[in-house]
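Secondary and tertiary structure notes
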Amino acid sequence: MREAQGGGALRAESLDREGEQEPMKKKRWQNVVAGTIPPAEKEKATCKVITVTSGKGGVGKTTVTANLASAMAMSGKKVCAIDCDIGLRNLDIVMGLENRIVYDIVDIVEGRARLKQAMIKDKRHPTLHLIPAAQTRDKSAVTPKDMVMVCDQLREEMDFVFLDCPAGIENGFRNAIAPSDQVLIVVNPEVSSVRDADRIIGIIEAEEKGPGYLIINRMKHEMVERGEMLSQADILDILAVELIGMIPEDENIVVSSNRGNPIAMEEDNGSTSRQAFHHITRRLCGEDVPFLDLAKKPGIMARFKTWVGARAS
Amino acid sequence: MAWLQSILRSRPASGSVAKSRLQMVLTHDRGDLPPALLDEIRDEIIEVVTKRLSLDKNKVIVHLAHTTKETRLVAEIPLQSATTRRRRRA
């Protein structure tokens, strides 16, 4: 109880309560919200806060967030993933950390837990952390200011913070966008997803968080060849944003999600989707990586391994 | 066999249909001016221009032109010049 009171009071209003004021933190928070932190100082703190959004639901935001966070941690970076979908948490189950939850983001914001208490350290990769969403509250429990405050604390220790944005353009979206340095937009090659992505791009630019970077998820190369699916060129022509990655439709992603082991964490079996996630993380670090040729099927050994894996289960 | 079917089939493949439908619908979505407003603007433009120049009211078109970076209000106003009138009379 004493611990929670001492360090956990991060909510704006609660900073004014006696005995819980930490003068240094309060000043920094005020500066962040007022936007008066000079750009030079921001560049020194090399942490990048990245929001994964889409507008439309079910396109793969959570899967992408889980895999990008895992791939980034595997390359040695200190990463924290935050599930911003309050009331409908699933980043934890996709990452296989659902049994480790004690506190969540709302507990941090309302002062019942310190940041370190709520952050789950992944035992498979110690530099990977997760702050889960609350399951029994809704998106009004957290405000954009709260998210900025939490991310501000994380910037001091992490190299990357990934925010899994909920679907839609309301509170949850606003919360996830508020602290971000870079926005990744996940889109499926089909009409409703592209339409919603366009709306999101417009909103992000209006909020001065743009330009977003595009991830096309669930590409089916054979359908694109036949002309029965929107191609990468079509989507880029319509949305006019830069592409940062393309992920093919892959049954293995469902399998790995079932096991709670993001596919990016599995050993390199030649799976194109696993490679795609790792390439995106390299691009996020500034490396210029050529895009995979999705037409190329994984080699015979990789397919044999996948077949053996399927038979074994 | 799918490629053969797509040749024999008279309608275009759905990918290109999807692209053109999206372009149409996004032009609409991006421009959030109601069509009635455009008609009012058109009438007012005609009113202002006819004070100085003569024009064919039926041929005046006012519409929105979208690019990825901006939206423009475009008015096309064919003018009736003195030469045109003389040619017609002749």
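Before any of the text, the structure's been laid out above.
Being a predicted model, the structure only gives us computed values, none of them experimental.

Thresholds, definitions, all that
- Residues numbered from 1 in each chain as written.
- Chains lettered and ligands numbered in written order.
- Predicted model: local features only at pLDDT ≥ 70, side-chain atom pairs only at ≥ 80, totals over all residues.
- Heavy atoms only, no water.
- Phe/Tyr/Trp six-rings, centres within 6.5 Å; stacked < 30°, edge-to-face > 60°.
- Buried < 20%, exposed > 50% of the residue type's maximum accessible area, 1.4 Å probe, protein only.
- Lys NZ or Arg CZ within 6 Å of the ring centre and 35° of its normal.
- Helix = DSSP H or I, 4+ residues; strand = E, 2+ residues; numbered from the N terminus.
- Pairing = 2+ DSSP bridges.
- Core = buried A, V, L, I, M, F, W, Y, C linked by side-chain atoms within 4.5 Å.
- Lys, Arg positive; Asp, Glu negative; His and termini not counted.
- Salt bridge = Lys/Arg side-chain N within 4 Å of Asp/Glu carboxyl O.
- Polar contact = N/O pair within 3.5 Å; in protein donor to acceptor, adjacent residues only side chain to side chain.
- Contact = heavy atoms within 4.5 Å.

1. What to know about the packing of aromatic side chains
Residues and elements named next belong to chain A. Using the criterion set out here, one finds one aromatic pair over all chains in the structure. Consider the rings of phenylalanine 160 and phenylalanine 162, whose centres lie 6.2 Å apart with planes at 15°: the pair is stacked. Take phenylalanine 160 and phenylalanine 162: they sit in the same class, and that class is buried. In this structure, arginine 283 is placed above the aromatic ring of phenylalanine 291, and the distance from its NZ or CZ to the ring centre is 4.1 Å.

2. Observations regarding the pairing of strand S5 (residues 160–164) of chain A
Residue and element names in this part refer to chain A. Extensive coverage of S5 is indicated by the burial of five of its five residues. Side chains of S5 alternate between two faces, with Phe160, Phe162 and Asp164 and Val161 and Leu163 buried alike. Where strand S1 (residues 48–53) meets S5, five bridges bridge the pair, whose relative direction is parallel. The residue of S5 that forms the bridge with isoleucine 50 is phenylalanine 162. Alignment of strand S2 (residues 79–83) against S5, held across five bridges, turns out to be parallel. Bridge pairing links valine 79 to phenylalanine 160 in S5.

3. Details of the nonpolar core
Counting 52 residues, the largest nonpolar core has A:Ile82, A:Ile131, A:Val150, A:Leu154, A:Leu214 and A:Leu239 as the members making the most contacts within it. With 34 residues, the next largest nonpolar core counts A:Leu68, A:Leu91, A:Phe162 and A:Leu284 among its residues.

4. With respect to the side chain of A:Lys61
All names here are of chain A. As for its position among the elements, lysine 61 is in helix H4 (residues 61–74). Of the buried charged residues, lysine 61 lacks a salt bridge, with aspartate 164 as the closest side chain of opposite charge at 6.1 Å. Only 3.2 Å separates the side chain of lysine 61 from the backbone oxygen of lysine 56, close enough to count as a polar contact. Setting aside anything within four residues of it in sequence, one finds lysine 61 in contact with Val52, Thr53, Ser54, Lys56, Asp164, Cys165, Pro166, Ala167 and Val186.

5. A look at unusual backbone geometry
Residue and element names in this part refer to chain A. Unusually for a residue other than glycine, glutamate 208 sits at a positive phi of about 60°. Along the chain, glutamate 208 turns up in the loop between helix H10 (191–206) and strand S7 (213–219). Phi at alanine 240 is positive, roughly 55°, even though this residue is not glycine. Tracing the chain through its elements places alanine 240 in the loop between helix H12 (232–239) and strand S8 (242–248). Residue classification places alanine 240 among the partly exposed positions, given a relative accessible area of 40%.

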